[in-house]
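# Breakdown of the fold
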Amino acid sequence: MKIRFLILLLVIYSCETKTEKSISKKTKIEKPITDKIEIYNRKFFVGDLDNDKINDTAFVNYKWNVITSEIECGRNSCDIDIEFKDNIPKISFAQSLGIFVVKTEDVNNDKANEIIVFSRTNEGWWNNISIWSFKNRIWHMIAKTNAFISEDKDFENRIIKEKGKYYLIGQDKWEEDENGNFKIIKVKLSN
């Protein structure tokens, strides 16, 4: 009998659930705004930009609003910085949905290291494409155009060389060729 009683007590107390004090509906807990923001980092390996014999990385940071699942700076776009290590200054972009960075060769023969940056606009799949040269510890934008980029292959072949001259290839979003494709734009990069 004692054993049955002990087993019964054991069963009763082991099934008991403990609850924490509940918060009344009138009590509102507010977290600081920083708790609502999630930082999303993306990095791109861009080779040795400052000629210190160490490969560099471009860091792109996005601030994402967790509550509304929207970019913090607005519904469509946000100001974004591309940051590097201490001795390489950042590059800032206004009104961008995303950034893609690629190392490229010296396209303007200035003996400096250069990158190509794709900055997604709020106009569908259009990207602003710019080429930046890092010379004398300063970034110089040497060319800019637009392009329609909907697949990974659309990032390729944006710089071509014809007759010893380099060109940045983009597209005119307002004009079509005879096949109904966006008209190709060539921006000369070298003299």
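Keep in mind that what you see is a predicted model, and the values were worked out from it rather than measured. Sequence order as written defines residue numbering, which begins from 1 separately in each chain. With pLDDT at 70 or above as the cut-off, local features in this predicted model cover only qualifying residues; side-chain atom pairs require 80 or more to be listed or tallied, and sums for whole chains, interfaces and linings still use all residues. Side-chain metrics rest on all non-hydrogen atoms present in the structure, leaving aside hydrogens and water.

In this section: unusual backbone geometry. In this structure, arginine 137 takes a positive phi of about 65° despite not being glycine. Numbering of helices and strands runs from the N terminus; a helix is a DSSP stretch of H or I covering at least four residues, while a strand is a stretch of E covering at least two. Within the element layout of this structure, arginine 137 appears in the loop between β8 (126–135) and β9 (138–148). One non-glycine residue, lysine 163, adopts positive backbone phi at about 50°. Looking at where lysine 163 falls in the secondary structure, it is placed in the loop between β10 (159–162) and β11 (165–176).

Criterion used throughout: strands pair if DSSP finds at least two bridges between them. The strand order across the open sheet built from 4 strands is β6-β7-β8-β9, with neighbouring strands paired in antiparallel fashion. Each having just a single partner strand, β6 (98–104) and β9 make up the two edges of the open sheet. Direction aside, the axes of adjacent strands within the sheet are offset by 20° on average. Both β8 and β9 contribute to a ladder of 10 bridges, which runs antiparallel. Within the sheet, the bridge partner assigned to lysine 135 lies in β9 and is isoleucine 138. Note on geometry: axes are C-alpha line fits, over the in-contact stretch for helices, and angles between N-to-C directions span 0 to 180 degrees.

So, on to the packing of aromatic side chains. Each pair of aromatic rings taken from Phe, Tyr and Trp, with Trp reduced to its six-membered ring, is defined by centres within 6.5 Å and is described as stacked if the planes are under 30 degrees apart, edge-to-face if over 60, and tilted in the remaining cases. A complete count under the given rule lists 10 aromatic pairs for this structure. Geometrically, the ring pair formed by tryptophan 126 and phenylalanine 182 is edge-to-face, given 4.9 Å between the ring centres and 70° between the ring planes. Highlighted residues: tryptophan 126 in strand β8 and phenylalanine 182 in strand β12 (residues 182–188), separated in sequence by 56 residues. Among the aromatic residues, ring-to-ring pairing joins Phe44, Phe100, Phe118 and Phe155 into one connected group. Remark: a charge is flagged as sitting over a ring if the NZ atom of Lys or the CZ atom of Arg is within 6 Å of the ring centre and within 35 degrees of the ring normal. Between arginine 120 and the ring centre of tryptophan 125, over which it is positioned, the NZ or CZ distance is 4.3 Å. In this structure, lysine 173 is placed above the aromatic ring of tryptophan 126, and the distance from its NZ or CZ to the ring centre is 5.7 Å.

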